[in-house]
Amino acid sequence: MEAERNHLLETALKRGNIIHFVNEDLQLVTADDLKTIKHYLEFAKYGHSRLPIGLPLSDTTRDYFDKWSESLAQ
């Protein structure tokens, strides 16, 4: 499954296709994007955390987590 996924991502990149991901406002446009996506996928193998510990958050995700944290504090 991982090999097929990597082939799909690499083929899309080579063909100049853009893939938009729901999580973290990711887009596959450049080779650096592919590195970031593969990093996220490696991280996902080690557990299912609500917070992507050690990974940068998008502004949108940070806003959601801030709202969630505030609601828990009440």
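Residues numbered from 1 in each chain as written. Predicted model: local features only at pLDDT ≥ 70, side-chain atom pairs only at ≥ 80, totals over all residues. Heavy atoms only, no water.

Topic: the overall build of the protein
Here is step 1 of the chain: Along the protein, the regular secondary structure elements total three helices and two strands.
Here is step 2 of the chain: Ordered by position from N to C terminus, the α and β elements of the protein give α-β-β-α-α.
Here is step 3 of the chain: Looking at the protein residue by residue over its 74 residues, the buried ones come to 19%.
Here is step 4 of the chain: Long-range pairs, those at least 24 residues apart, make up 28% of the contacts in the protein with a sequence separation of at least 6.
Here is step 5 of the chain: Surface exposure of the protein reaches about 6,000 Å², of which carbon and sulfur atoms provide 56%. (Helix = DSSP H or I, 4+ residues; strand = E, 2+ residues; numbered from the N terminus. Buried < 20%, exposed > 50% of the residue type's maximum accessible area, 1.4 Å probe, protein only. Contact = heavy atoms within 4.5 Å. Areas by Shrake-Rupley, 256 points an atom, 1.4 Å probe, with all protein chains shown as cover.)

A look at the nonpolar core
Here is step 1 of the chain: Counting seven residues, the largest nonpolar core consists of Leu9, Ala12, Leu26, Leu28, Leu34, Ile37 and Tyr40.
Here is step 2 of the chain: Every element with two or more residues in this core is listed here: helix H1 (2-15) and helix H2 (31-44).
Here is step 3 of the chain: Of all the elements, H2 adds the most residues to this core, at three residues. (Core = buried A, V, L, I, M, F, W, Y, C linked by side-chain atoms within 4.5 Å.)

Regarding the pattern of salt bridges
Here is step 1 of the chain: Counted by the stated rule, this structure contains one salt bridge.
Here is step 2 of the chain: Among the ionic pairs, Glu10 bridges to Lys38, the shortest N-O distance being 2.7 Å. Of this pair, Glu10 sits in helix H1 while Lys38 sits in helix H2, and the two are 28 residues apart along the sequence.
Here is step 3 of the chain: Classification of Glu10 as partly exposed rests on a relative accessible area of 30%.
Here is step 4 of the chain: On the basis of relative accessibility, which here comes to 29%, the residue Lys38 falls in the partly exposed class. (Salt bridge = Lys/Arg side-chain N within 4 Å of Asp/Glu carboxyl O.)

Side note on the confidence of the model for the protein
Regions with low pLDDT carry predicted coordinates that are not meant to be interpreted in detail.
Here is step 1 of the chain: On average, the protein scores 76 in pLDDT, and the residues at 70 or more come to 73%.
Here is step 2 of the chain: Looking across the protein, the model is least confident in helix H3 (residues 59-73), with a mean pLDDT of 73, and most confident in H1, with 90. (pLDDT = per-residue confidence, 0-100.)

Quick look at H1
Here is step 1 of the chain: Compared with an ideal rise of 1.5 Å per residue, which puts 14 residues at 20 Å, H1 spans 20 Å between its outermost C-alpha atoms and is within 8% of the ideal.
Here is step 2 of the chain: Along H1, the residues classified as buried are Asn6, Leu9 and Ala12. Buried positions in H1, seen along its axis, are confined to an arc of 130° and lie on one side of it. Exposed side of H1, more than 90 degrees from the buried face: Ala3, Glu4, His7, Leu8, Lys14 and Arg15 are the residues found there.
Here is step 3 of the chain: A positive backbone phi angle near 80° is found at Gly16, which sits one or two residues after H1. (Expected span 1.5 Å × (residues − 1). Arc of directions from axis to C-beta.)

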